[in-house]
Each structure stands twice: as C-alpha cells, then as structure tokens.
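# Remarks on the overall topology
Each chain is listed here by its residues.
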Amino acid sequence: MGLRYYSPLVQVIIVGFVCFLCPGMFNAVNGMGGGGQLDDTAGNNANTALYSTFVVFGVLGGAIVNLFGVRWTIFGSGFTYALYSASYIYLNHKADGSFTIAAGALLGIGAGILWAAQGMIMVSYPREEEKAKYIAIFWIIFNMGGMLGGIIPFGMNYNSTAGSLTDGVYIAFVVLECLGAFLGLALAPPSKVVRDDGSSVVLVKYTDIGKESIEIVKLFLNPLMLALLPMCFTSNFFYSYQFGIINGALFNIRTRGFNNIIYWGAQMIGAYLISLVLDSAKLTRKKRGFVAFLVVIVVFNGIWGGSLAVHNLYPAGLPLAERLDFKDSANAGGPIALYFFCGIGDALYQSLAYWIIGALTNDNQLLARYIGFYKGMQSFGGAISWQLGAKKVSNKNQLIANWVLFAISLPSMLYVIWTLKDHSEDVKQADEYEA
C-alpha cells in the first residue's frame, strides 16, 4: 500500500481532505446547534432547505458524476459549502434568515453531487478485502475537519458570554471551504488509478444522459435498494436531535465547540474500530456484516437509553444563563459523555451502511448511483428531522421518533447483509474513461 499518486490510497486521502475542509467545516457549524446561533430557527429551516434539494441531487448525483467526472464536480460543489458559511455572517448583521435558507438549498445541490463522487471513490477504488479500511481512513481524515471546526469556535469564543458565533469564526470556515474546493482539482482521472496488486479501477467505457436517466429509474425498482430505504432514511435523522437538543440546548457557546471536538473525534475511533471487524480475514463477508450489525444495535440502544436519561433531567433544555459548561464536571460530565458516544454511534452506523453498499458490486459507475441513492434518501430523512426542530416538536417526541426509526431500519438491513456474497462480480475494464 504505497503512497503512489495514482494509487487508491492517495486518491481516498485527497478526497478525505476535501471533505475535511468542506463537509467537515459544515459539520462543525451544524454541530454547534442552530448553525452556531442562539435562535435556531434560521438554521433549522436552512437545513430543511438543504436536505430537500439534497434528496433530488443526491439521487441525481451519481449520474452527474458519471457524466462530468469527479474533479470538476467536486470543485464546483465545494464552493456551495463556503457560500453557506458566509450566509451566517449576513445573518449575524441583518437578523434575516432568507439568505441562509437560500444558501442551504444551493448547498443541498452541491452536497448531493460531492458525496456521490466521494462515495464512488471510497468504495470502488480499493480491493474488496480493504474496503472497510479505506472507509475508516476517509472517515478519520474527514472528521479531523469536524474536530478542527470545533477547536476554532472553542478558542475564539472561550471567553464569550454570547449565544452565537462571531463573524471571525464564520470567515475562517469560508476560507477553509474554498481551499477544499480547489483541492478537488488534485484528484486523478479514475482511468489512471491503479491498485497495489496492479489491477486498474474497474470502469465501463461510455455513458450518456439517456443511459443515466434509465439507470436512475432502475434504482427505485431495485429490490436491494428498496430494502435499504429505511437504513438510508434513518442514517442522518438523528443529527437534528443530537446537534440541536443535546448540544445546542444544554451547553454554553464554548462548550458546544468543545463538544464538537469530542463528537467528531469519537467518529474517528468508531470508524477505526468497526473497520477491524468489517475487514477481518477470519470471518466470511456475511459473518463480518452480522457482527458489525450487532455492535450497532447495542451501541445505538445505549445511546437512546442515555438520551432518555438526560431528557428526564432537562426535558426542555436550559435557558442561556444556566447552560452547562465543560468545567462543571459534576453536571456536564454525563451529557458530554453521551455526546461522545453519539459520535461513535454515527461512525459505526454510516461505516456499516457504506460497507454494505460497497459489498453489492465493484462497478464504480453503479456504485456512484448507489451512493447517490443512499445520500438522497438519507437527506429525505434529514429534511424531515430538521423540520421537527423548526416546528418545535417536543424533545421527547423527537427522541421517540429517532428510536423507533432506528428499530424499523434493522430488519431490512439484516436481510441485505444476509444476501451478501463473499466476492462481488467485476465489470469489464474500460480503456478510455478520462473523467
């Protein structure tokens, strides 16, 4: 596994740092609760707009990447993250959420395309026996961005008593996200990527708008994709509860930044640990899936049980003057520990989801569509969950909704794991793909 530019490892590292700088910074803003604002209304509505367009362009994203290639699609998409962060500067000064909501809708378009490209690189470039390791490598680099994005507001707001982030924090995010967009141009054409065993990345030779349109329709007729719908829908649904109700409503501004460091750092741990199971040479692919599935069940039920206990202590959150500070270990320790395990749980669930999808085929164009479908349906759930916060649905009812949806996602996920074979079929290699 050498560090050759045209190796899958280097390409996954590059796309990891793109996501470190773009989605990673977005996660830092979002993880503050309400986009780092005291009043979370604009942030919740912006997230609803974001995930609403993400639904469409997540599904279309795979086709767009197949048509235009990974470099330019990621380059253009990266700037939508910078625009979204910049919109909060306007919100700080004008107290008008319309620009932030519009920027959220544009970000949904860019994010849908970027994540389809990212997912295709991450799960189609490595060999079958290394897919979980590459998912973990990406996830660790990506979530380093969330950690950095937590350090920035933690440091800049350490002595602040305000309830919102300052302009300087948002400007820092904008600069980093623009750098991420340009980094997308450093990706190699997929046709030139060669694995460590000498094999080329598997590609089909040609596609066009007509073919991609037909393939998008087929996604909604594919029994396995339909079986994974509950998993896709649930996989980001819990963000609005964790970011808004746990972090956003219980902690002061500096501790929200501190918690972001904890949350995204925990993601790195979770991704690494589950990769050890999912790439284990001692178990068949199906058994690896079953073990990881059981781990996810145990961890998530622990998370929702802990969330219920914290809810019973603070059923409506806390007023600004009484919010918890990380130095108050007696009161803040339990909720901070819960938030840490929320981060681990997210990494476990999403790593397993990507691994399941990556185990269905080695065809990178097909995987681009599968990942696009996953991200689109994931965003469908996200759009609904953020509206629950915007409509002020009670904290308890949001907790119940999350726990129930998690339970509903399990049977069909288990079914798809049961159908997995030890080896996926390769498609024919192309000789002229230059996207």
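Check the entry above for the structure.
Okay, so let's go over this structure. Numbering of residues starts from 1 in each chain and follows the order in which that chain's sequence is written. Under the rules for a predicted model, residues below a pLDDT of 70 receive no local features and side-chain atom pairs below 80 are neither given nor counted, while totals for whole chains, interfaces and linings still include all residues. To obtain the side-chain values, all non-hydrogen atoms of the structure were included, while hydrogens and water were left out.

The next point concerns unusual backbone geometry. With a phi close to 60°, Lys392 is a non-glycine residue in the positive phi region. In this description a helix means any DSSP run of H or I spanning at least four residues, a strand means any run of E spanning at least two, and both kinds are numbered starting from the N terminus. Along the polypeptide, Lys392 turns up in the loop between α15 (364-390) and α16 (395-419). With a relative accessible area of 53%, Lys392 lands in the exposed category. Accessibility here uses a 1.4 Å probe with only protein chains present; expressed as a share of the type maximum, an area under 20% marks a residue as buried, one over 50% as exposed, and anything in between as partly exposed.

Only protein atoms enter the calculation, which uses a 1 Å grid: trapped sets of points that fit a 1.4 Å probe without letting it out are cavities, open sets showing protein on both sides within 12 Å along at least five of seven lines are pockets, and any residue with an atom within 4 Å of a point is a lining residue. Grid points are joined across faces, edges and corners, and a volume is the space filled by probe spheres set on the points. The computed volume of the second largest pocket comes to approximately 250 Å³. Together, 14 residues line the second largest pocket, and Leu224, Ala359, Leu360, Thr361 and Lys421 are the ones closest to its centre. Sorting the residues of the lining of the second largest pocket by element identifies α9 (223-227) and α15 as the ones contributing at least two each. Throughout, the ten residues Ala, Val, Leu, Ile, Met, Phe, Trp, Tyr, Cys and Pro are labelled nonpolar, Asp, Glu, Lys and Arg are labelled charged, and all others, Gly among them, are labelled polar. Here the residues of the lining of the second largest pocket are counted per class, giving seven nonpolar, five polar and two charged.

This brings us to empty space enclosed by the protein. For the coordinates displayed, the defined rule picks out three cavities of 30 Å³ or more. By volume, the largest cavity is sized at about 190 Å³. If you trace the largest cavity, you find 18 residues lining it, with Asn27, Trp115, Asn236, Tyr239 and Lys375 closest to the centre. If you list the elements that add at least two residues to the lining of the largest cavity, you get α2 (23-31), α3 (41-68), α5 (98-124), α6 (131-156), α14 (329-358) and α15. When the residues that make up the lining of the largest cavity are grouped by side-chain class, the tally is 13 nonpolar, four polar and one charged. By volume, the second largest cavity amounts to about 70 Å³. Looking at the second largest cavity, the residues that line it are Tyr241, Ile245, Ile246, Leu250, Ser307, Val310, His311, Tyr314, Gly317 and Asn395. Counting residues per element, the ones that place at least two in the lining of the second largest cavity are α11 (239-250) and α13 (285-313). A total of four residues in the lining of the second largest cavity trace back to one element, the largest contributor, which is α11. Partitioning the lining of the second largest cavity into residue classes produces six nonpolar, four polar and no charged.

In this analysis, axes come from line fits to C-alpha atoms, helices being fitted only over the stretch in contact, and the angle between any two N-to-C directions falls in the range 0 to 180 degrees. Two elements in contact, α6 and helix α7 (residues 167-183), have axes whose closest approach is 10 Å; the angle formed by their N-to-C orientations is 155°. Viewed along their axes, α6 and α7 adopt a mutual orientation that is roughly antiparallel. For the element pair α6 and α7, the recorded crossing hand is right-handed. Contacts from Leu148, Gly149, Ile152, Pro153 and Met156 in α6 reach Gly168, Val169, Ala172, Phe173 and Leu176 in α7. When grouped by side-chain class, the residues that make up the contact of α6 with α7 number eight nonpolar, two polar and no charged. We call two directions roughly parallel when the angle between them is under 35 degrees, roughly antiparallel when it is over 145, roughly perpendicular when it lies between 65 and 115, and oblique otherwise. Helix crossings fall into two classes, left-handed where the near helix is turned counterclockwise from the far one by less than a right angle and right-handed where it is turned clockwise. Contacts: residue pairs with any heavy atoms within 4.5 Å of one another.

Any functional reading would require information beyond the geometric quantities listed.
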